[in-house]
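Topology and contacts: notes
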Amino acid sequence: MTYLKPLDGTKKIQLHDIDPSYHAGLDKEEGEKRSAELLAELAELQELLYAASTHAVLIVLQGIDTAGKDGTIRHVFSSVSPQSCRVASFKVPTPEEAAHDFLWRIHKQTPAKGSMVIFNRSHYEDVLVVRVHKLVPETVWRARYEQINAFEQLLATNGTLILKFLLHISKEEQEQRLREREKDPTKAWKLSVADWKERELWDDYQKAFEDALNHCATPFAPWYVVPSNHKWFRNLAIAEILVETLRPLRQEWLKQLEARGKEELAQIKALRKDKDAS
Ligand code: ADP
């Protein structure tokens, strides 16, 4: 069963039509059990991805503050090897980054073949926070949807599998999570007055997310809106999408590795033969 459908640009969506508490009728225990199975499969697929090195995987995580980007990274990628998986976080651009086009710092962090990179925030900030805070004129951020699509197409046609996840929570859930941080000393480091100020711009952010989804969901770089009020469901849905995206390539990768192994073996045998003859 596939829990979430990809947005590929054929149908426009409105975020308020998507229930952030959706959990496909599962309970937490069932969901966590299924997640564990998927994560074991993901670890195996990642090893094949690395060995075959014919594809790269780019995962984009976006969401309002507290939506769970950090938690997703901690849970969904807990089983993959750090040898070929890393996180790239995008913050307020440095002066050097700001002096370049908005994709300059992004392109440098894209995954090489064989590896997986998780973007914790991404080039989408340049049509989200930048739009909401009016950091550039509208003509500038509007042109970026097309620029993003062209950029993602370039990556995709060069062997990068792109999966983009919007972690979708309700405004009430955000308030609860912000208040929990105030009570929990282990989460106190995450407290920020800016989060409460940003919260006042909730509707502007929802609109900006919606436009980004509707302009930049493509067959080669689909967006998924992930109901994220239940953290266990969020983890399950993302794990499932990752596995279902990589699984169809398993045979191709195995074939390639087998052929490579045979070739090497033939060379080893030839070397031995030469040695024995001399
Ligand atoms: P996070 O919230 O991701 O854990 P921070 O608290 O350091 O990490 O927040 C990073 C900040 O950088 C966010 O407020 C985000 O909107 C901002 N940011 C990221 N990219 C850009 C950008 N291109 N322009 C302006 N601000 C950006």
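Residues numbered from 1 in each chain as written. Predicted model: local features only at pLDDT ≥ 70, side-chain atom pairs only at ≥ 80, totals over all residues. Heavy atoms only, no water.

Right, let's get into the UniProt feature "domain: Polyphosphate kinase-2-related" (unreviewed entry) in the protein chain. The residues that UniProt annotates with the feature "domain: Polyphosphate kinase-2-related" (unreviewed entry) are residues 26–247. Overall, residues 26–247 shows 52% helix and 14% strand. The separation of its end C-alpha atoms is 23 Å. (UniProt positions renumbered as here; feature names shortened; annotations may be inferred. Helix = DSSP H or I, 4+ residues; strand = E, 2+ residues; numbered from the N terminus.)

Moving on, we get to the site of the ligand. Around the ligand, the structure places Phe90, Lys91, Val92, Pro93, Arg105, Arg121, Glu125, Asp126, Val129, Val130 and Leu135. Within the backbone of valine 92, an N or O atom sits 3.1 Å from an oxygen atom of the ligand. Note that a nitrogen atom of the ligand is positioned 3.2 Å from one of the side-chain N or O atoms of arginine 105. Starting from 570 Å² of accessible surface for the ligand in isolation, the protein chains cover 70%. Looking at the shell around the ligand residue by residue, the class counts come to six nonpolar, no polar and five charged. (Near = heavy atom within 4 Å. Polar contact = N/O pair within 3.5 Å; in protein donor to acceptor, adjacent residues only side chain to side chain. Areas by Shrake-Rupley, 256 points an atom, 1.4 Å probe, with all protein chains shown as cover. Nonpolar A, V, L, I, M, F, W, Y, C, P; charged D, E, K, R; others polar.)

Evaluated as defined, the whole model comprises eight aromatic pairs. Aromatic side chains tryptophan 141 and tyrosine 145 sit 6.3 Å apart centroid to centroid with 85° between the ring planes, which places their arrangement in the edge-to-face category. In this pair, tryptophan 141 and tyrosine 145 are both assigned in helix 6 (residues 138–157), four residues apart and thus about one turn of the helix distant. With respect to burial, tryptophan 141 and tyrosine 145 carry one shared label: buried. (Phe/Tyr/Trp six-rings, centres within 6.5 Å; stacked < 30°, edge-to-face > 60°. Buried < 20%, exposed > 50% of the residue type's maximum accessible area, 1.4 Å probe, protein only.)

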